[in-house]
Amino acid sequence: MELPTALRQAVDSALANQPIERLTQASERLSNRYRKEVRDGAFHIDDDLAAKAYLATRLPATFAAVRAALGMVEDLAPGFSPASLIDVGAGPGTALWAAADCWPSLAKATMLEASPAIRSVGEALSRPLGFPCDWRAADLLKPFPTLQPAELVTLAYVLDEIEGTAIVDVTRRLWALTSSMIVIIEPGTPAGWRRILAVRQALMDQGAHLVAPCPHAAPCPIVSPDWCHFSRRVARSRTHRLAKQGEVPWEDEKYIFIAASRDKIEPPAARVLAPPRLASGVARLKLCRSDGSAAEVTVSRRHGDAFREARRLDWGDITSIMGTDSDEKEKG
Ligand SMILES: C[S@@+](CC[C@H](N)C(=O)[O-])C[C@H]1O[C@@H](n2cnc3c(N)ncnc32)[C@H](O)[C@@H]1O
C-alpha cells in the first residue's frame, strides 16, 4: 500500500533537510521504546526529531494498517459515510488521512493528542486536506474536553502506550463520544490482540454491535499461543529505508483491530484469518465463522463455486464459505 499523494508530499516536505544520521538515531530510539513497551511517564514522541522519525519510519505502516481496517469496515457497512471524526492519540494524523481516503464524505475532524511535538507536526501535515481539523491538547487518561460526539471515532496504536488497567474506562469514554462507528487499532502482536479482546468486551458491555473483524459476538475462539491479526505490505520510501538502515523496499505491518457500531450490521459467514494455502485442486482456509467457531477448512475442486471463491481469497477477506465438519482440519 502507498500513501495518498497529498500525504506523501506533505511528509516529504516535512522531512526535507533532515540529516539522515539524526533520523536514523531517533528512529532506533523510538523503535526501542515501542518494542519494549516502555512506560516511564515520557511520551515516546517527545520532540521534533522523534516526530520526524515517526513520519519517516512508522507513519507509512500505521497508515496502511488503519486504512486496511477502515476498508474492512466499509465492506460491511457500505451505507456508512461519516462527516465527522474524533481521533484520539492522533500522532501525525494517520487515522485522519486514512479516514479521509476511505470516506470522501469526511468534512470535519477533532484531533486529540497529548504530545505537543507530534501535535504540531500533525496539524501542519493536515492542512492540504482542505476541511477543518481542530487539533487539541488532550490526555486520554483525563476527562476529555467537552465535545460533540462524532460519527467516526478512532484510536490507533495508542493502547500499547497506556496501562492495561485503563483500557476499559478509555473504551467506555470513547464509546460515549461515538454517534455511529468506533474503530480501535493495535499492533498485531499477541499483546495487541489481548488489548483488543478487552476493548471488544468493553464495547459489547456498552451495547455496541461488532462490525469487524469478528463475524460474531461469541467469545473469541482463538486460543493462545495463537492470536488473531492481519498484515498489510507497505512500500518503503528511500528516506524510510535509509532511516531504518534496511535494504528491502517493503515491510509487512501486522495489525489487529475492532470496529463496532450503534447500528446492527449483518455479519458475513466467515473471515479468513491467515494466508490461504493453495495446492493443486485444494485450498486450505483458516476461518473465523459466524457461528462463533474457528477452523481450518479444506475446499477442493469438487466444491465447485466455493473452490473458485476460495482461490481468490486473501488473508482478512470475508467469505460466504463456512466449510463442513468433514472439511475441517482443526477446530478452535
Ligand atoms: C504510536 S503513536 C500513534 C499515532 C497515530 N494514531 C498513528 O496511528 O500513527 C501513539 C500516539 O498516542 C499519543 N499518546 C500516548 N499517550 C497518550 C495519552 N495519554 N493521551 C493522549 N495521547 C497519547 C502519543 O503521543 C502518540 O502520538
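The rules behind each value
- Think of each chain on its own: its residues are numbered from 1, step by step along the sequence as written.
- With the structure being a predicted model, the display of local features is reserved for residues of pLDDT at least 70 and the display and counting of side-chain atom pairs for 80 or more, all residues being used for whole-chain, interface and lining totals.
- Hydrogens and waters are ignored; side-chain quantities use all the structure's heavy atoms.
- Using only the protein atoms, space was sampled on a 1 Å grid; points where a 1.4 Å probe fits but cannot get out form cavities, open sets with protein on both sides within 12 Å along at least five of seven lines form pockets, and lining residues are those with an atom within 4 Å of a point.
- Grid points are joined across faces, edges and corners, and a volume is the space filled by probe spheres set on the points.
- In this text, helices come from DSSP runs of H or I with a minimum length of four residues, and strands from runs of E with a minimum of two, each type numbered from the N-terminal end.
- The set of buried Ala, Val, Leu, Ile, Met, Phe, Trp, Tyr and Cys residues whose side-chain atoms join them within 4.5 Å is what this entry labels a nonpolar core.
- Only protein chains enter the area calculation, which uses a 1.4 Å probe; residues under 20% of their type maximum are buried, those over 50% are exposed, and those in between are partly exposed.
- Boundary definitions for the domains trace back to an automatic or database domain assignment.
- Axes, fitted as lines to C-alpha atoms, cover a helix only where it is in contact. Angles between the N-to-C directions of the axes lie from 0 to 180 degrees.
- Here the word oblique covers every angle except those under 35 degrees (roughly parallel), over 145 (roughly antiparallel) and from 65 to 115 (roughly perpendicular).
- Left-handed is the label given to a crossing in which the near helix is rotated counterclockwise from the far helix by less than a right angle, and right-handed is the label when the rotation is clockwise.
- We call two residues contacting when some pair of their heavy atoms lies within 4.5 Å.
- Nonpolar residues are Ala, Val, Leu, Ile, Met, Phe, Trp, Tyr, Cys and Pro. Charged residues are Asp, Glu, Lys and Arg, and all others, Gly as well, are polar.

S.K.: Help me out: how do you make sense of empty space enclosed by the protein in this one?
M.R.: Any empty space left between atoms is shown by rolling a water-sized probe over those atoms. Counted by the stated rule, this structure contains one cavity of 30 Å³ or more. Computed from the structure, the largest cavity encloses a volume of approximately 130 Å³. Contributing to the lining of the largest cavity are 16 residues, with Arg200, Pro213, Cys214, Cys220 and Cys228 lying nearest its centre. Put simply, the parts of the chain that give the lining of the largest cavity at least two residues each are α8 (190–205) and β8 (250–261).

S.K.: Help me understand the nonpolar core in this model?
M.R.: As a rule of thumb, soluble globular proteins bury nonpolar side chains together. Counting residues in hydrophobic clusters, the biggest one holds 99 residues, and the most contacted among them are Tyr255 and Phe257. Of all the elements, helix α4 (residues 59–76) adds the most residues to this core, at 10 residues. Structurally, this core is a two-domain feature, drawing no fewer than three residues from each of domain 1 (5–261) and domain 2 (270–329). Membership of the second largest hydrophobic core comes to 12 residues, among which are Leu285, Leu287, Leu313 and Ile321.

S.K.: Hey, could you run me through the packing of helix α1 (residues 5–15) against helix α3 (residues 48–57) in this one?
M.R.: Think of two packed helices as two axes; the pair is described by the angle between the axes and how far apart they sit. Look at α1 against α3: their axes get within 10 Å of each other, and the N-to-C directions meet at 140°. Our classification of the angle between α1 and α3 gives oblique. In this structure, α1 meets α3 at a crossing whose hand is left-handed. Between α1 and α3, the contacting residues are Val11, Ala14 and Leu15 on the first element and Lys52, Leu55 and Ala56 on the second. In terms of residue class, the contact of α1 with α3 is made up of five nonpolar, no polar and one charged.

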